[in-house]
Amino acid sequence: MNLVQHYFPNLTELQVKQFEQLESLYKDWNLKINVVSRKDIDELYLRHVLHSLAIAKLITFKPHAKIMDVGTGGGFPGIPLAILFPECNFHLVDSIAKKIKVVDEVVEGLGLTNVKTSHCRVEEINDTYDFIVSRAVAAMPTFVHWTKGKIAKKQNHELKNGIIYLKGGDLTEELQDYKTATIYNITDYFDEDFYETKKIVHLPIKWKG
C-alpha cells in the first residue's frame, strides 16, 4: 500500500481505505476462487494495483468518462482505476464467470458505486466508451477486432479516444500495422525493477458510424 501512496500522494481518506482493503479482500477470495497466483497475491500492490495505476500517469480521466476493461480477470486494471477516479464510469467485462464473481464481491466490499460488470464476451457489448483498457489479454490485432465499434465519437480528453493497453516485451511486430500507436515505458513513471519491460500502448481509434 505504501507503494501506491508514494506515487499517488493526494489520495482521499476513503481512497486510502479502499486501496488498503484490496489486499484482505483478494486474499480472502483467492482462497475460495483462485484468480491471482500465490506469488502475485504476496506482491499485489506491485504486480497488480500499481501496474494498473500506470494508466493514471498517462491520463487523468475526466468526470463522467466511460471506460471499459476487457478481460478484466480479477479486476485489473479496472478496480484500482475506479478507486482513483470515482466520478468516472467503469464497465468490467470477462468471459469467465468465476472471475466476474470475485470482481463483484470486491466491488461490493469496497463500496464502489461506479463499476458495473458483465460476464460475457466483449463482442456482445452494445455500447461505446471513451477508452477501452486491458492488460495483455490478446495480441493487438485480435483485440482491435474484438472491440470494433465500441469507441465513442465525442472527444473529451487531450488523449484521443481509443485503446489503452498494458503490455510487456518487444511490441514491434505486434504493432507494425498500427502507425498511430504510441508506446510509453512504465519505468518513466515508476522506479521498481518489475516495470523494466512493461509498457503502456495508446492506440487512438476513429469512430465509425
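You'll find the structure just up there.
Quick caveat: nothing in here was measured; it's all calculated off a predicted structure. (Residues numbered from 1 in each chain as written. Predicted model: local features only at pLDDT ≥ 70, side-chain atom pairs only at ≥ 80, totals over all residues. Heavy atoms only, no water.)

As a further point, take a positive patch on the surface. Taken together, the side chains of Lys148, Lys160, Lys206 and Lys208 define a basic patch exposed on the protein surface. With respect to the helices, strands and loops of the structure, Lys208 is situated in the segment after strand 7 (198-204). By relative accessible area, Lys208 is classed as exposed at 65%. (Patch = residues over 30% accessible without salt bridge, like charges linked within 9 Å, V, L, I, M, F, W, Y side chains within 5 Å. Areas by Shrake-Rupley, 256 points an atom, 1.4 Å probe, with all protein chains shown as cover. Salt bridge = Lys/Arg side-chain N within 4 Å of Asp/Glu carboxyl O. Lys, Arg positive; Asp, Glu negative; His and termini not counted. Charge placed at Lys NZ, Arg CZ, Asp CG, Glu CD. Helix = DSSP H or I, 4+ residues; strand = E, 2+ residues; numbered from the N terminus. Buried < 20%, exposed > 50% of the residue type's maximum accessible area, 1.4 Å probe, protein only.)

Turning our attention to the layout of surface pockets. Counted as a void, the largest pocket has a volume near 360 Å³. Gly71, Thr72, Gly73, Asp94 and Val137 are the residues nearest the centre of the largest pocket, which is lined by 22 residues in total. Of the residues that constitute the lining of the largest pocket, the class distribution is 10 nonpolar, six polar and six charged. (1 Å grid on protein atoms, 1.4 Å probe; cavity = no way out; pocket = protein on both sides within 12 Å on 5 of 7 lines; lining within 4 Å. Points joined across faces, edges and corners; volume = space filled by probe spheres on them. Nonpolar A, V, L, I, M, F, W, Y, C, P; charged D, E, K, R; others polar.)

This part is about the environment of Lys179. Counting through the fold element by element, Lys179 comes out in the loop between strand 5 (162-168) and strand 6 (182-185). Lys179 sits in the exposed class, given a relative accessible area of 75%. The sequence separation of Lys179 and Leu203 amounts to 24 residues, and the corresponding C-alpha distance is 9.0 Å. Among the polar contacts listed, one links the side chain of Lys179 to the backbone oxygen of Gln176, at a separation of 2.7 Å. (Polar contact = N/O pair within 3.5 Å; in protein donor to acceptor, adjacent residues only side chain to side chain.)

The next thing to look at is the environment of Val70. The residue Val70 is located in strand 1 (residues 66-70) in this model. Judged by relative accessible area, which is 4%, Val70 ranks as buried. It is 15 Å that separates the C-alpha atoms of Val70 and Lys101, two residues lying 31 residues apart in sequence. Setting aside chain neighbours within four positions, we find Val70 in contact with Val93, Val122, Ile132, Val133, Ser134, Val137, Phe143 and Thr147. (Contact = heavy atoms within 4.5 Å.)

Formed by 55 residues in total, the largest nonpolar core has its most connected members in Leu22, Phe61, Ile79, Phe90 and Ile164. Of all elements in the fold, only helix 1 (2-7), helix 2 (13-32), helix 4 (44-58), helix 5 (78-84), strand 2 (89-94), helix 6 (97-110), strand 4 (131-135) and strand 5 reach the threshold of two or more residues within this core. No other element matches helix 4, which puts 10 residues into this core. Residues contacting Phe61, with those up to four places away along its chain left out, are Ile55, Ile67, Leu81, Phe85, Cys88, Phe90, Phe131, His157 and Ile164. If you look at the next biggest cluster of nonpolar residues, it comprises 21 residues, including Val122, Met140, Ile163 and Leu175. (Core = buried A, V, L, I, M, F, W, Y, C linked by side-chain atoms within 4.5 Å.)

All quantities given are derived from atomic positions and should not be read as evidence of function.
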